[in-house]
Number of protein chains: 2
Amino acid sequence: MNFPTLSNIRAAHERIQPFIHRTPVLTSSAINEIAGCKIFFKCENFQKVGAFKARGAANAVLKLSPEQKSKGVATHSSGNHAAALARAASVAGIPSYIVMPSNAPEIKKKAVRGYGGEIVECEPTLQARETTLQEVVARTGATFIPPFDFWDVVEGQATCALELLEAQPDLDVVMAPVGGGGLLAGTALAVHNLNPKIEVIAGEPTGADDAFRSFQAGEILPNEKTQTIADGLLTTVGRLPFAVIQEHVDSILLATDPQIVDAMRILFERMKLVVEPSGAVPLAALLANIERFAGKRIGIIISGGNVDLGKLPF
Amino acid sequence: MNFPTLSNIRAAHERIQPFIHRTPVLTSSAINEIAGCKIFFKCENFQKVGAFKARGAANAVLKLSPEQKSKGVATHSSGNHAAALARAASVAGIPSYIVMPSNAPEIKKKAVRGYGGEIVECEPTLQARETTLQEVVARTGATFIPPFDFWDVVEGQATCALELLEAQPDLDVVMAPVGGGGLLAGTALAVHNLNPKIEVIAGEPTGADDAFRSFQAGEILPNEKTQTIADGLLTTVGRLPFAVIQEHVDSILLATDPQIVDAMRILFERMKLVVEPSGAVPLAALLANIERFAGKRIGIIISGGNVDLGKLPF
């Protein structure tokens, strides 16, 4: 399998740079003291649409041919990828069709509409989502942009670790959360190609531990049931990201929901960052395995900050 | 009256730089759209101790003579200045004595103790605070570092606008909140000396509008009663800051508590920033006077992020 190369990733970065934020890397001596190591937080909660997803979606849209562009893009998502794709399409001046389950939170629908995306509702089952998406693509001729199982998206997500290592090259470990695996695979590719001595470690919720189990087993073992506050990480890891993860990720560490809420609270209180539960998972996994990181220099990607303030877990 | 000069401010910046964060300047296209202007947020909520107060306290402590240092520093405060002074003293390796009212929030006391400050409790009246402070100073020989009515502190707070204008020189307006006036006076001095064409505008809560009234009257008119969620801005403006404000501030705009809460919510939701109510006051004042800022480039100092997550107003 041909993975994206460093020059693919650099080209993606150049392509999307005008349309994304170069997010800051922040530190906190209070958190370093708690964690017993030095942590550099790459704040993708400050990214456009409030999450790293803006990167992959922008890269995929900008790589389309003029003919593809004229017919727009489509996806199914109830999360950050939906808003990210609608925004990328809007920036490129092309239509977007977003298939969303009828029970998706109003705030997510509002974000998509705010970027001019057309929402197509469906029953809240995976099968209904896929069928509805096929209908939309057949009707409009739009190009399907998957949320993670797609190299153009992985390439885009990889630009985040590229910026992190430009800002802070001397790291021992880089951590990212894993859901579908787009961010983790991109991170692993960027880090491995820039400096193979840096370990790449994922954080995953125990309540959606498919990547952890798949990584041990050497084959994808889907989630049968998920139960976690980290609602951005419910999907089973994708085929392409998993191939990268098997090759370039050093380990996947789990965090329980109480650990995730604690990490989220630490990020709010000590770093004054609004972080969604999924974005706090790597710090939670680090704090749950504190001896493993003692004295090291860790880069952590805070993946997003889209949280409903009325439903904070504290 | 001799105000601190630009070279005083630059010297203060050099003095305190090793002990403070150069906080980032962040933007949000969503907020720019809401506000109809371009806003550059200087994020002092990311500052050490979670507020700009770290700057003034560090400058005041570092300017002490060796003999003064040996006896430590003292102040009365139940807010960010308490933690800032305790931390500055701890960094300098000297004792600090913080007079706090007995009803001060436990979280504030914990912060002071965490930096090794010695808390001296008193009755929750201004008179008890002053008497207790005098006793502490008499007993220990510590130097009193006032929270705002003191040039060394004003000089330190001025370094925040210095950094803002280094990062973003081409501004039309710089905004800061006003309580005791240390930050506003420092901001006005830095901005006026670097570029007198830039307007300096303060935001103040209607429920503690002494600076607004004093500015109109040309003399300090203390608050008789205060009633606002912006608990960092309850004090009456100090004599030294007021002299600077009269000369170099262009106007003071008011914001009601509902406007402050709205602005705070916008900063949480759109910028993913944890901001205390006082830190949201300038944005609230801007949004309450939106036509005045139309199309302009505004720097806003977000003064702090120390908010009790259990008591968020949304």
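Residues numbered from 1 in each chain as written. Chains lettered and ligands numbered in written order. Predicted model: local features only at pLDDT ≥ 70, side-chain atom pairs only at ≥ 80, totals over all residues. Heavy atoms only, no water.

Chemist: Quick question: what am I supposed to make of the domain arrangement of chain A here?
Modeler: Residue and element names in this part refer to chain A. Taken domain by domain, chain A comprises domain 1 (6-51 + 150-311) and domain 2 (54-144). Across the domain 1/domain 2 interface, buried area totals approximately 1700 Å², and carbon plus sulfur atoms make up 58% of it. It is Arg15, Phe19 and Val49 in domain 1 that bury the most area against domain 2; as a group they hold 36% of the surface buried on that side. Between the two partners, domain 1 and domain 2, sit 4 salt bridges. The residue Glu44 makes a salt bridge to Arg55 at a minimum N-O spacing of 2.7 Å. Taken together, the links from domain 1 to domain 2 amount to 13 residue pairs in polar contact (both at pLDDT 80 or more). Mapped by element, the contributors of at least two residues to the side of domain 1 that touches domain 2 are helix H1 (6-16) and helix H8 (151-167). A total of 8 residues in the side of domain 1 that touches domain 2 trace back to one element, the largest contributor, which is H8. Split into classes, the residues belonging to the side of domain 1 that touches domain 2 amount to 9 nonpolar, 7 polar and 8 charged. (Domains from an automatic or database assignment. Buried area = accessible area lost by both parts, 1.4 Å probe. Salt bridge = Lys/Arg side-chain N within 4 Å of Asp/Glu carboxyl O. Polar contact = N/O pair within 3.5 Å; in protein donor to acceptor, adjacent residues only side chain to side chain. Helix = DSSP H or I, 4+ residues; strand = E, 2+ residues; numbered from the N terminus. Nonpolar A, V, L, I, M, F, W, Y, C, P; charged D, E, K, R; others polar.)

Chemist: Honestly, the pattern of salt bridges in this entry has me stumped. Any pointers?
Modeler: As a working rule, side chains carrying opposite charge can pair if their charged atoms are close by. Applying the stated criterion across every chain, the model contains 28 salt bridges over all chains. Of the charged contacts, one joins Asp209(B) and Arg213(B) as a salt bridge, the two residues approaching to 2.9 Å between their closest N and O atoms. Through salt bridges with shared partners, a single ionic network connects Arg15(A), Lys63(A), Asp152(A) and Glu155(A).

Chemist: Help me out: how do you make sense of the packing of aromatic side chains in this one?
Modeler: Centre-to-centre distance and the angle between the planes together describe a pair of aromatic rings. Applying the stated criterion to the full structure yields 5 aromatic pairs over all chains. Where Phe46(A) meets Phe46(B), the ring centres are 6.1 Å apart and the plane angle is 45°; that geometry is what we call tilted. Taken as a pair, Phe46(A) in the loop between strand E2 (38-43) and helix H3 (53-62) and Phe46(B) in the loop between strand E2 (38-43) and helix H3 (53-62) lie in two separate chains rather than in one. One exposure class covers both Phe46(A) and Phe46(B), and it is buried. (Phe/Tyr/Trp six-rings, centres within 6.5 Å; stacked < 30°, edge-to-face > 60°. Buried < 20%, exposed > 50% of the residue type's maximum accessible area, 1.4 Å probe, protein only.)

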